[in-house]
Amino acid sequence: MQVYVVTSVVAGQETVTTKEIQGFISALSEQLGTDYTVTLDTDYGKTLAKTDEAVYLVYFGSQANLSTAQRQKMIIYYSAEDVENCQVGRFVDMLKQLKQK
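Predicted model only: the values in this text are computed from it and were never measured. (Residues numbered from 1 in each chain as written. Predicted model: local features only at pLDDT ≥ 70, side-chain atom pairs only at ≥ 80, totals over all residues. Heavy atoms only, no water.)

What follows covers the side chain of Thr47. Mapping Thr47 onto the fold places it in the loop between strand 4 (37-41) and strand 5 (54-59). Looking at Thr47, the relative accessible area reads 7%, which means it is buried. Within the structure, the side chain of Thr47 is placed 2.8 Å from the side chain of Asp41, a separation counted as a polar contact. Those residues in contact with Thr47 that sit more than four places away from it in its chain are Tyr4, Val6, Asp41 and Tyr56. (Helix = DSSP H or I, 4+ residues; strand = E, 2+ residues; numbered from the N terminus. Buried < 20%, exposed > 50% of the residue type's maximum accessible area, 1.4 Å probe, protein only. Polar contact = N/O pair within 3.5 Å; in protein donor to acceptor, adjacent residues only side chain to side chain. Contact = heavy atoms within 4.5 Å.)

Given below as structure tokens:
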């Protein structure tokens with residue numbers, strides 16, 4: 001299953017730092033295993049235009065910037081606190097449940 005982690009920029013500032021998000025992605029990948037490919041998308045919205053079956057982890061504060069078409073994707077929102085504290089448990093649980101369907 002392809003999982004894209006989408007970051008964004010608000011008022012010229014990154015919502016989460018690349019270093020923090022890389023740690024978050026590493027923790028996700030480690031717990032999810034080889035059946036999942038977790039990819040960082042720093043070009044906000046680029047991967048949301050793809051037509052493949054994927055799940056998107058999108059920064060919660062960015063939801064107002066999503067177009068109607070983008071909102072049709074399978075999106076799970078994360079917060080800066082999730083990334084800063086490397087809290088991946090609930091995301092792992094949700095992604096594993098999605099894969100079973």
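On we go.
Another aspect to go through is helix 1 (residues 18-32). The first and last C-alpha atoms of helix 1 sit 21 Å apart over 15 residues, in line with the 21 Å expected at 1.5 Å per residue. Three or more residues of helix 1 are buried, namely Ile21, Phe24, Ile25, Ala27, Leu28 and Leu32. On an axial view of helix 1, the arc spanned by its buried residues comes to 160 degrees, and they lie on one face. In helix 1, the exposed residues that point more than 90 degrees away from the buried face are Lys19 and Glu30. For helix 1, the elements touching its buried residues are strand 1 (2-6), strand 4, strand 5, strand 6 (74-78), helix 3 (80-84) and helix 4 (89-100). (Expected span 1.5 Å × (residues − 1). Arc of directions from axis to C-beta.)

What follows deals with the sheet that holds strand 4. Taken in spatial order, the four strands line up as 4-1-5-6 in an open sheet, and their pairing is parallel. The open sheet is flanked by strand 4 and strand 6, the only strands paired with a single partner. Pairs of neighbouring strands in the sheet enclose a mean axial angle of 25 degrees, with direction left out of account. Across five bridges, strand 1 lies against strand 4 in parallel orientation. For Tyr4, the partnering residue across the bridge sits in strand 4 and is Thr39. (Pairing = 2+ DSSP bridges. Axes fitted to C-alpha atoms, helices over the stretch in contact; angles between N-to-C directions.)

Okay, the nonpolar core next. One finds Ile21, Phe24, Leu28, Leu57 and Tyr78 to be the most contacted residues of the largest nonpolar core, which totals 22 residues. Listed by contribution, the elements that provide at least two residues to this core are strand 1, helix 1, strand 5, strand 6, helix 3 and helix 4. With six residues, helix 1 is the largest single contributor of residues to this core. Listed in part, the eight residues of the second largest apolar core include Val6, Ala54, Val58 and Ile75. (Core = buried A, V, L, I, M, F, W, Y, C linked by side-chain atoms within 4.5 Å.)

Note that all results are geometric; they support no functional claim without further evidence.
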